[in-house]
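Results of the structural survey
The primary structure of each chain is shown beneath.
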Amino acid sequence: MDNLQTETPNRTRKLHYGWIVAAVTFAALLIAAGIRSLPGVLMLPLEEEFGWNRSGISAAVSINLVLYGLMGPFAAACMERFGIRKMMTSALALLAAGLLLSTFMNALWQLNVLWGVVVGLGTSVMANVLGVTVANRWFVHRKGLVVGILTASAATGQLLFLPLLAGISVTAGWRYAVWAAAAALCLMIPVVAKWVRNHPADVGLPPFGASELVRPVPFAGNLFLQPLLTLRSVMKSGTFWLLAGSFFICGFTTNGLIGTHLIPACGDFGIPEVTAAGLLAFMGVFDLIGTTLSGWLSDRFDSRWLLFWYYGLRGLSLLFLPTALDMGYMELTLFSVFYGLDWIATVPPTVKLASDRFGTGKAGIVFGWIVAAHQLGAAAAAFEAGFLREWFGSYDLAFTMAGYVCMLAALMSIRIKRSSLATA
């Protein structure tokens, strides 16, 4: 852990330092999420320049998504051992290095190594587990709201950056889009180093909403063994499997499918790349609203039923998508609003259920494993949709299948027993 700060801020000031940490984390997650939007922008340019097929490029995206998920629990353990600030700065630097090196690639295996492995490892730190860790450390009150806001940044950044990066790619070339993303990462590193602190005790404050200063408990476990031991202990719980299974479907129906393949799907209907990216950005605006509202709702209502409605409504929107693509811009705009409100609104209720069931002490690592399931689903969808597109010449079957599996996730959510909650 970084050395404790010797200065003690003025306790009478109105703004708790936790909000500063949350704001910087929001910005860092926003930029890192923008990096994850690049495969959707680069898929067509890479096809044209190198002649790589869509399933081959999708395989690299799948590797990225698997590592993004599977490394989450270990990233959470590293945050406990080394601190949030060191992990964030290291991850941002790794992402920047991976992006800059990718501008020199000329073979598909290099795409797999740089985008699949290097960028995948970097994004595993800049993921939802970071937001959950920040919220659990710095907030007692408004925790659900903070989780919602930080989760929204992780999804919204991925969508809001798309028009900018797509515009740069179309007008100047895909390498310039990558360089712009790397520059944003480099600018974020000193901001994180200056303003992020690992724990409220580092600045002599209790968490927001608490009255007593609490010193952090030193991490005593093994960085690689502790996440596995935690997984073994929670695997006995039906709640864990229901949360992980529904989150697998969440990933299958969001960034793995829509985030990766909506732009190429629009291209099949003659919709320009920048216009398609604008639709995703439009989703991002409504995702910020929907996910933040979801955090507020998860502080007040039964999270199981929130998940039931989120998955059910998402399924209906995906079933409508093939029709919307065929009909035109008005219908696609309607899809963007409806789907965007629900893009990743599932995270705050899922975090709430996991924290209530397994306790805040385990919440970061447990949620890391749940996110791993999410990313396995995303990786499966990224490859499956590309394969089905090549096989059938259309994305219709991929979108329709995703709509129906959302209905399954809705039913899984209400199968979580109320009696299993609030058990540490």
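You'll find the structure just up there.
Here we summarise the structure given alongside this text.

Conventions and cut-offs
- Residues numbered from 1 in each chain as written.
- Predicted model: local features only at pLDDT ≥ 70, side-chain atom pairs only at ≥ 80, totals over all residues.
- Heavy atoms only, no water.
- 1 Å grid on protein atoms, 1.4 Å probe; cavity = no way out; pocket = protein on both sides within 12 Å on 5 of 7 lines; lining within 4 Å.
- Points joined across faces, edges and corners; volume = space filled by probe spheres on them.
- Helix = DSSP H or I, 4+ residues; strand = E, 2+ residues; numbered from the N terminus.
- Nonpolar A, V, L, I, M, F, W, Y, C, P; charged D, E, K, R; others polar.
- Expected span 1.5 Å × (residues − 1).
- Buried < 20%, exposed > 50% of the residue type's maximum accessible area, 1.4 Å probe, protein only.
- Arc of directions from axis to C-beta.
- Core = buried A, V, L, I, M, F, W, Y, C linked by side-chain atoms within 4.5 Å.
- Disulfide = S-S within 2.5 Å.

Under the definition given, this model contains 3 cavities of 30 Å³ or more. Roughly 130 Å³ of internal volume is contained in the largest cavity. Lining the largest cavity are 14 residues, and of these Arg36, Pro39, Val61, Asn64 and Leu65 sit closest to its centre. Counting only elements with at least two residues in the lining of the largest cavity, the list comes to α1 (17-36), α2 (38-50), α3 (54-70), α6 (108-125) and α12 (258-268). At 4 residues, the largest contribution of residues to the lining of the largest cavity is made by α3. Its residues assigned to classes, the lining of the largest cavity shows 7 nonpolar, 6 polar and 1 charged.

Between its first and last C-alpha atoms helix α18 (residues 396-414) spans 29 Å; for 19 residues at 1.5 Å apiece the expected length is 27 Å, and the two agree. Burial in α18 covers these residues: Ala398, Phe399, Ala402, Gly403, Cys406, Ala409, Ala410, Met412 and Ser413. Around the axis of α18, the buried residues are gathered within 170 degrees of arc, so they sit on the same side.

Our focus in this paragraph is the nonpolar core. Residues Leu99, Trp115, Met126, Phe240, Leu257, Ile258 and Phe367 are the most contacted members of the largest nonpolar core, which totals 125 residues. Broken down by element, this core gets its largest block of residues, 11 residues, from helix α17 (residues 360-392). Membership of the second largest hydrophobic core comes to 5 residues, among which are Val61, Leu65, Ala378 and Ala382.

The subject of this paragraph is the state of the cysteines. Disulfide: a covalent bond connecting the sulfur atoms of a pair of cysteines. The final tally for this structure, using the stated rule, is 0 disulfides. Cysteine cysteine 406 shares no disulfide, and the gap to the nearest cysteine sulfur, in cysteine 250, comes to 8.0 Å. Under the relative-accessibility criterion, cysteine 406 is labelled buried at 0%.

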